[in-house]
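# Observations on the model geometry
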Amino acid sequence: MLKRILFFSALALGVSPLVISSTAFADFNATTGMYFCNVQDLSVEKSGYSYFIYQEDRYWGGERPQDIAATILKTNYSSTMLDNLGKSYQCLKENNIDPDSVAKIPPYLLDGLNLAKEQNPEKFAQIAPSFSQYVPVPEFGTIAGMIVVISIIGAIVISRRISS
């Protein structure tokens, strides 16, 4: 009896991946860490992109941009998660899907990545080549709002002085 149970259990384990694989689509191989753009099922791509952002936010949450940049530039190994985030971003763009409409990369993280990229572009490209290549990192980051406010105040002050 035990032999039959073991036989059928082994058979079920061996056959189940074959049954599942005919309808499943995967864009990330967890064993190798390799990412593949899945154009056959873009909902999987959207989920993957959201997942990568969630994981990065979970990992870096609460860190200051300066600390993120320093940590990234101190490391000697590549970041598979950041690299896959870049590949997923590009896959969505190539399929006419705005990645920001799926999920937004948190501003503090973009600021930290931008700072790392500014401080050492070559090292940043080694750590996350696809992220560095595909994801546009804002040039001004969090100070963009301050620049806009200062510009508006400056324009108002100058216009009042000229009209006086």
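Okay, so let's go over this structure. (Residues numbered from 1 in each chain as written. Predicted model: local features only at pLDDT ≥ 70, side-chain atom pairs only at ≥ 80, totals over all residues. Heavy atoms only, no water.)

## Observations regarding the packing of aromatic side chains
Rules: A pair of Phe, Tyr and Trp rings is counted when the ring centres sit within 6.5 Å of each other, with Trp represented by its six-membered ring. The angle between the planes then sorts it: under 30 degrees is stacked, over 60 is edge-to-face, the rest tilted. Accessibility here uses a 1.4 Å probe with only protein chains present; expressed as a share of the type maximum, an area under 20% marks a residue as buried, one over 50% as exposed, and anything in between as partly exposed.
Evaluated as defined, the whole model comprises four aromatic pairs. Measuring from centroid to centroid gives 4.8 Å for Tyr59 and Trp60, while their planes differ by 90 degrees, and the two rings are edge-to-face. The exposure class of Tyr59 is exposed, given its relative accessible area of 56%. Arranged with centres 6.3 Å apart and planes meeting at 80 degrees, the rings of Phe124 and Phe131 form a pair that is edge-to-face. One exposure class covers both Phe124 and Phe131, and it is buried.

## Observations concerning the state of the cysteines
Linking two cysteines covalently via their sulfur atoms produces the bond known as a disulfide. This is how the line gets drawn: For this text, the term disulfide refers to a pair of cysteine sulfurs within 2.5 Å. Note on conventions: DSSP H or I runs of at least 4 residues are helices, E runs of at least 2 residues are strands, and numbering of each starts at the N terminus.
In the structure shown here, the tally under the stated rule is one disulfide. Residue Cys37 pairs covalently with Cys91 via a disulfide, S to S 1.9 Å. On the sign convention where negative means left-handed, the S-S torsion of about 60 degrees between Cys37 and Cys91 marks this disulfide as right-handed. Within this pair, whereas Cys37 is found in the loop between strand S2 (34-35) and helix H2 (42-60), its partner Cys91 is found in helix H4 (residues 80-94), the two being separated by 54 residues in sequence. For Cys37, a relative accessible area of 33% translates into the label partly exposed. For Cys91, a relative accessible area of 2% puts it in the buried group.

## Concerning the pattern of salt bridges
Just so we agree on the cut-off: Salt bridge, as applied in this entry: a Lys or Arg side-chain nitrogen positioned within 4 Å of an Asp or Glu carboxyl oxygen.
Scanning the entire structure with this criterion turns up two salt bridges. Note that Asp67 is salt-bridged to Arg64, the shortest N-O span being 3.1 Å. Assessed through its relative accessible area of 47%, Arg64 is described here as partly exposed. Measuring nitrogen to oxygen at the nearest pair gives 3.6 Å for the salt bridge that ties Asp83 to Lys87. In this pair, Asp83 and Lys87 are both assigned in helix H4, four residues apart and thus about one turn of the helix distant.

## A closer look at the environment of Pro99
So the rule is basically this: Any two residues having at least one pair of non-hydrogen atoms within 4.5 Å are treated as being in contact.
Among the secondary structure elements, Pro99 is positioned in helix H5 (residues 99-102). Since its relative accessible area comes to 0%, Pro99 is described here as buried. For Pro99 and Lys46, which are 53 residues apart along the polypeptide, the C-alpha to C-alpha distance reads 8.1 Å. Beyond its immediate chain neighbours, meaning those up to four positions away, Pro99 contacts Tyr49, Tyr89, Leu92 and Lys93.

## Digging into helix H6 (residues 107-119)
Let me state the cut-off plainly: A helix is expected to reach a length of 1.5 Å times the quantity of its residues less one.
Between its terminal C-alpha atoms H6 stretches 18 Å, which fits the 18 Å expected from 13 residues at 1.5 Å a residue. Of all the positions in H6, only Leu109, Leu110, Asp111, Gly112, Leu113, Asn114 and Ala116 are classed as buried. In this structure, the buried residues of H6 make contact with H2, helix H3 (65-74), H4, helix H7 (121-127) and helix H8 (129-134).

## A closer look at the layout of surface pockets
Our working definition: Cavities and pockets are found on a 1 Å grid laid over the protein atoms alone: a cavity is a set of points where a 1.4 Å probe fits but cannot escape, a pocket is an open set with protein on both sides within 12 Å along at least five of seven lines, and a lining residue has an atom within 4 Å of such a point. Grid points are joined across faces, edges and corners, and a volume is the space filled by probe spheres set on the points. Here the nonpolar group is Ala, Val, Leu, Ile, Met, Phe, Trp, Tyr, Cys and Pro; Asp, Glu, Lys and Arg are the charged ones; every other residue, Gly included, is treated as polar.
Each pocket or cavity is described by its volume, and for the largest pocket that value is around 270 Å³. Looking at the largest pocket, it is lined by 14 residues, and the ones nearest its centre are Glu56, Tyr59, Trp60, Tyr77 and Ser79. If you list the elements that add at least two residues to the lining of the largest pocket, you get H2, H3 and H4. Split by residue class, the lining of the largest pocket holds seven nonpolar, six polar and one charged.

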